[in-house]
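Here is what each chain is made of, one letter per residue.
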Amino acid sequence: MTPPLDGLARVPAPASLTVENCLAPALAPDDSAVAYVSDRDGLPRVWIQPLDGDAEPWPVDTGPQPVVDVSWAPTGGHLAVLVAPGGGEHTQVWAVQAHGGDLRALAAPPGGSASMVRWTGRGETLLAAETAADGLTTAVLVDAVTGARRPIAAGHLLRPAAVSRDHARMLLRRGPRGARAMYVADLAHGEERRLLPGLPGSTDLGALSPDGGTAYLVSDAGRDRAALLAVRHGAEAVVLAERPDAELDLFALSADGRRALLVWNRHGRSELDVLDLEGGELRPLPPPPADVVTSARIAWHGTLAALAAESPEEPSHVLVCDLDAGRYRRVAGAAPLPLAGAEHLRFRASDGLELTGWLYRPPRVTGPAPYALYLHGGPEDEERPTFNPLFQNLLAAGIGVFAPNVRGSGGHGRAFRQADDGPLRFRAVEDVADCAAELVRRGLADPGRLACTGWSYGGYLTLAALVTHPGLFRAGVDVAGIADFETFYARTEPWVAEAAVSEYGHPDRDRDLLRALSPLRSLSRLAAPLLVVHGAADTNVPLYEAEQVLAAARALGLPCEALIFDDEGHEIRRVANRISFVAKVVDWLSHHLQTVEYSSTGRKDSGQAR
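Thresholds applied
Along each chain, the written sequence defines residue order, and numbers are assigned to residues from 1. This being a predicted model, a pLDDT of at least 70 is required before a residue's local features are given, and a value of 80 or more before pairs of side-chain atoms are given or counted; all residues contribute to the totals for chains, interfaces and linings. Only hydrogens and water are removed before side-chain values are computed, so all heavy atoms of the structure are retained for them. Under the scheme used here, helices are H or I runs from DSSP no shorter than 4 residues and strands are E runs no shorter than 2 residues, and both carry numbers assigned from the N terminus. Here the radius of gyration uses the C-alpha set of atoms, whereas the globule reference equals 2.2 Å times the residue count to the power 0.38. When accessible area is computed with a 1.4 Å probe and restricted to protein chains, residues below 20% of their type maximum are described as buried, those above 50% as exposed, and intermediate ones as partly exposed. Pairs of residues are marked as contacts when any of their non-hydrogen atoms sit within 4.5 Å. Per-residue and other accessible areas were derived by the Shrake-Rupley procedure at a 1.4 Å probe size, with only the shown protein chains allowed to occlude residues. In this tally, Asp and Glu contribute negative charge and Lys and Arg positive charge; neither His nor the terminal groups of the chain are included. Where a charge sits is defined by one atom per residue type, namely NZ (Lys), CZ (Arg), CG (Asp) or CD (Glu). For two strands to count as paired, DSSP must find a minimum of two bridges between them. Lines fitted to C-alpha atoms define the axes, with helix axes restricted to the stretch in contact, and inter-axis angles between N-to-C directions lie between 0 and 180 degrees. Between Lys or Arg on one side and Asp or Glu on the other, a salt bridge is scored when a side-chain nitrogen of the former is within 4 Å of a carboxyl oxygen of the latter. Any pair of N or O atoms that falls within 3.5 Å is considered a polar contact. Within protein, one atom must be able to donate a hydrogen and the other to accept it, and sequence-neighbouring residues count only if both atoms are side-chain atoms. Between the rings of Phe, Tyr and Trp (Trp by its six-membered ring), a pair exists once the centres lie within 6.5 Å; its type follows the angle of the planes, with under 30 degrees stacked, over 60 edge-to-face, and the other angles tilted. Throughout, nonpolar core names a set of buried Ala, Val, Leu, Ile, Met, Phe, Trp, Tyr and Cys residues whose side chains join them through atoms within 4.5 Å. For every residue, the predictor assigns a confidence score, pLDDT, that lies between 0 and 100. Note: crossing handedness is left-handed where the near helix turns anticlockwise from the far helix by less than a right angle, and right-handed where it turns clockwise. Charged means Asp, Glu, Lys or Arg here, nonpolar means Ala, Val, Leu, Ile, Met, Phe, Trp, Tyr, Cys or Pro, and polar covers whatever is left, Gly included.

Asker: Report on the overall build of the chain, specifying residues and quantitative values.
Answerer: Scanning the chain from terminus to terminus reveals 10 helices and 38 strands. Against the 2.2 N^0.38 benchmark of 25 Å for 610 residues, the chain shows a C-alpha radius of gyration of 24 Å, consistent with a compact globule. With respect to the three principal axes, the spread of C-alpha positions in the chain is 80 × 60 × 45 Å. Counting over 610 residues, the chain shows a buried share of 59%. In the chain, the proportion of contacts linking residues at least 24 apart, taken out of those at least 6 apart, comes to 55%. Carbon together with sulfur atoms contributes 50% to the accessible area of the chain, which is approximately 22,600 Å² in total. The averaged location of the 76 negative side-chain charges in the chain is 3 Å from the averaged location of its 58 positive side-chain charges.

See the structure below:
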């Protein structure tokens, strides 16, 4: 029997759990301050940091619910705030003055969800989306001062993207995940025109010039990697920016339509360009002082941009970038911590497809170590070198982490993203086993001390890998994962179910496939102790998915525990809950990966049924 994990403490990196995270920054119209979402006092809410002098930030009272996003009106009078009541997915849009007061609901459909798109540049009118309980989405213009509302479009699988300043033309997105298309609508005559017709692929982001005459699209339609295209009224699409080695990740347009900020995803890290839309000049900015930019907005005057950025060693913080000088200035957020960085790995799956991932080596451990695979959500999300307190605390406990991008992940082109659709999903499950094999082949991981963990789709993939390869992993952690596609489709939000068909399959037409893909229907093969984590307010992947897994695992007599958060949904937003989550997962994996027993033949035995 080997000794415990070098005697390291279970959760010795508390600083990573309580450090402030700053998200979604937006500059004031006069560039005097930046508003952002911070969890510095335990609950995500709005803070404002003046940019002149040494003034301290102040919080804006938006009530007791977690805040997800904030945006500053062009007049400076109000902030639009996206809140998540109960921590769940039924978000609401509210307006509040920058110093507090005049708090009012702008979009809060009963039983549904709302999101804010952008201020239109005309007074204090906000373009918002309201999705009803039946999945019907309505695009609406809301005046933050008077409360006047004007619905301008409606439909299923619809998302408004932009509206011209005179409110005469609108850009809207229709379609399911992986196959979205953009349309320009003439609001006076009720006519729509599809942009980029007949091209395979998806157009996920877009903006309109202030006069509505040009649509700017972030699209991989007709190409493998997302690029920036412009479609002018009555003309063919023109490629404004494209890279063979990177995908366009974020795009921000200045209020006057003359300048754009482009954030590229190159091998997981962010690179920035400024595009002069009048002269066509594309100018690279210096590398940002962080690995990944997660949010980017250009100020109203077009000379500054507010960025949220992070790295494995530093939590999300706010940067202000002078776009002319190419200088970055940190204005909010904690300093980097003495934490572990990430290594980018490339390797081949057993069928020859190249896979990538981010490796986090445990400190002070020589030779093969216990490792946890961590599988991201989506599936079309991407693992990138961002700040993750769970990873850092696992490392401090002597457990390495490998966070791969199996087929179906974003950031690697359209062909790779679609390589797990429908029946190809079985191959994605095999990718998980190939990732474990690669860690062993490189001498990094002890084959008897491997765990599989994941969140959302990664939780599903964890369950699927555990039942497909019951002798491979010694422990598992399923966070908000789908267990059975039949019950998922029956109980999730209607708009979530509609959008998921192109990814997983149709609940009726593909019933046999979905049953074969559902881990719950093979749970008798489960051999590893399992921790199930879920938010009770999760309406994306409802709590019933976790309840089914717990009941079935306990019926098998397997060690199985649950961690249920009553005040969280599909995300863990509250700092206290994040601490509980990380502490529980680290303790669970430390206990089950701590020792390796040897059979009479001298071979390592993971303690699992085979």
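Asker: Mind laying out the sheet that holds strand E5 (residues 67-72), listing which residues take part and the relevant values?
Answerer: The sheet built from four strands is open, its strands ordered E5-E6-E7-E8 with antiparallel pairing. Single-partner strands in this sheet number two, and they are E5 and strand E8 (104-107). Going from strand to strand, the sheet's axes swing by 30° on average, the running direction of each strand aside. With six bridges connecting them, strand E6 (residues 78-83) and strand E7 (residues 92-97) associate as antiparallel partners. Note that in E7 the partner of alanine 80 across the bridge is alanine 95.

Asker: Summarise the pattern of salt bridges; cite the residues concerned and give the values.
Answerer: For the coordinates displayed, the defined rule picks out 38 salt bridges. A salt bridge links arginine 180 to aspartate 204; the shortest N-O distance between them is 3.7 Å. One end of the pair, arginine 180, is in the loop between strand E14 (169-174) and strand E15 (181-186); the other, aspartate 204, is in strand E17 (residues 203-208), and 24 residues separate them in sequence. One salt bridge in this structure joins glutamate 486 and arginine 515, with 3.6 Å as the shortest N-O distance. Here glutamate 486 is found in helix H6 (residues 485-491), whereas its partner arginine 515 is found in helix H8 (residues 511-517), with 29 residues between them in sequence. Arginine 515 sits in the partly exposed class, given a relative accessible area of 36%.

Asker: Please set out the environment of tyrosine 360 residue by residue, giving values where relevant.
Answerer: Position of tyrosine 360 among the secondary structure elements: in strand E30 (residues 354-360). By relative accessible area, which is 1% here, tyrosine 360 ends up buried. When the C-alpha positions of tyrosine 360 and valine 46 are compared, they lie 33 Å apart, and in sequence the two are 314 residues distant. Apart from the residues lying within four places of it in its own chain, the contact partners of tyrosine 360 are Pro312, Gly341, Ala342, Tyr371, Arg384, Pro385, Thr386, Phe391, Leu395, Gly400 and Val401.

Asker: Explain the pairing of strand E20 (residues 237-241) to me, using residue names and the numbers behind them.
Answerer: Where strand E19 (residues 227-232) meets E20, four bridges bridge the pair, whose relative direction is antiparallel. The partner of valine 231 across the bridge, within E20, is alanine 237.

Asker: Could you give an account of the side chain of arginine 384, with specific residues and numbers?
Answerer: When you line up the elements, arginine 384 lands in the loop between strand E31 (369-375) and helix H2 (389-396). Here aspartate 249 takes part through its side chain, which lies 3.0 Å from a polar atom of the side chain of arginine 384. In this structure arginine 384 touches Asp249, Asn265, Gly268, Arg269, Ser270, Val292, Trp358 and Tyr360, once residues within four positions along its chain are discounted.

Asker: Got a sec to walk through the packing of aromatic side chains? Specific residues and values, please.
Answerer: Evaluated as defined, the whole model comprises 10 aromatic pairs. Relative to phenylalanine 402, the ring of phenylalanine 347 lies with its centre 6.0 Å away and its plane at 50°, an arrangement referred to as tilted. With phenylalanine 347 in strand E29 (residues 343-348) and phenylalanine 402 in strand E32 (residues 400-405), this pair connects stretches of sequence that are 55 residues apart. Just as phenylalanine 347 is buried, phenylalanine 402 falls in that class too. Centre to centre, the rings of tyrosine 457 and tyrosine 504 are 6.3 Å apart; their planes meet at 25°, and the pair counts as stacked.

Asker: Can you tell me about the nonpolar core, naming the residues and giving the values?
Answerer: The nonpolar side chains of a soluble globular protein tend to be buried with one another. Membership of the largest hydrophobic core comes to 57 residues, with the highest contact counts inside it found for Phe473 and Phe485. The biggest single contributor to this core is helix H5 (residues 457-468), with eight residues. Not counting the four nearest positions on each side in its chain, phenylalanine 485 is found in contact with Tyr460, Tyr504, Leu514, Leu517 and Ser518. If you look at the next biggest cluster of nonpolar residues, it comprises 30 residues, including Ala372, Leu390, Leu563 and Phe565.

Asker: How would you sum up the side chain of histidine 570? Please name residues and give values.
Answerer: Tracing the chain through its elements places histidine 570 in the loop between strand E36 (560-565) and helix H10 (575-593). Given a relative accessible area of 7%, histidine 570 falls into the buried group. At a separation of 2.8 Å, a polar atom in the side chain of histidine 570 contacts the side chain of serine 456. If we ignore the near neighbours within four places in the chain, the residues touching histidine 570 are Glu89, Trp455, Ser456, Ala480, Asp538, Asn540 and Val541.

Asker: For the confidence of the model for the chain, give the residues involved together with the corresponding values.
Answerer: Residue-level pLDDT values for the chain average 93, and 95% of them are 70 or greater. Ignoring residues within four places in sequence, the model shows residues 1-12, a span with pLDDT below 50, making 39 contacts including any to other chains. Scored below 50 in pLDDT, residues 597-610 makes 25 contacts in the model with residues more than four places away or belonging to other chains.

Asker: Outline the packing of H2 against H10, listing residues and values.
Answerer: Two elements in contact, H2 and H10, have axes whose closest approach is 10 Å; the angle formed by their N-to-C orientations is 35°. The crossing of H2 and H10 is right-handed. On H10, the residues that touch Pro389, Leu390, Asn393 and Leu394 of H2 are Arg578, Phe581, Val582, Val585, Val586 and Leu589. Grouping the constituent residues of the contact of H2 with H10 by class yields eight nonpolar, one polar and one charged.

Asker: Kindly report on the environment of histidine 90, identifying the contributing residues and their values.
Answerer: Topologically, histidine 90 is positioned in the loop between E6 and E7. Taking the relative accessible area as the measure of exposure, histidine 90 reaches 25% and is therefore partly exposed. With 20 residues separating them along the chain, histidine 90 and proline 110 place their C-alpha atoms 9.1 Å apart. Contact partners of histidine 90, with chain neighbours within four places excluded, come to Pro85, Gly111, Gly112, Ser113, Glu493, Trp495 and Thr539. Side chain to side chain, histidine 90 and glutamate 493 meet in a polar contact 2.4 Å long.

Asker: Talk me through the sheet that holds strand E34 (residues 475-479); I want residue IDs and the actual numbers.
Answerer: Read from one edge to the other, the open sheet built from eight strands follows the order E29-E30-E32-E31-E33-E34-E35-E36, with strand pairing classed as mixed. Here the strands that pair on one side only, and so sit at the sheet edges, are E29 and E36. Averaged over all pairs of adjacent strands, the angle between their axes in this sheet comes to 20°, without regard to strand direction. Alignment of strand E35 (residues 530-535) against E36, held across six bridges, turns out to be parallel. Opposite valine 533, over in E36, you have leucine 563 as the bridge partner. In this fold H10 packs onto E31, strand E33 (445-455), E34, E35 and E36, with an angle of close to 170° to the strand it touches most, E36.

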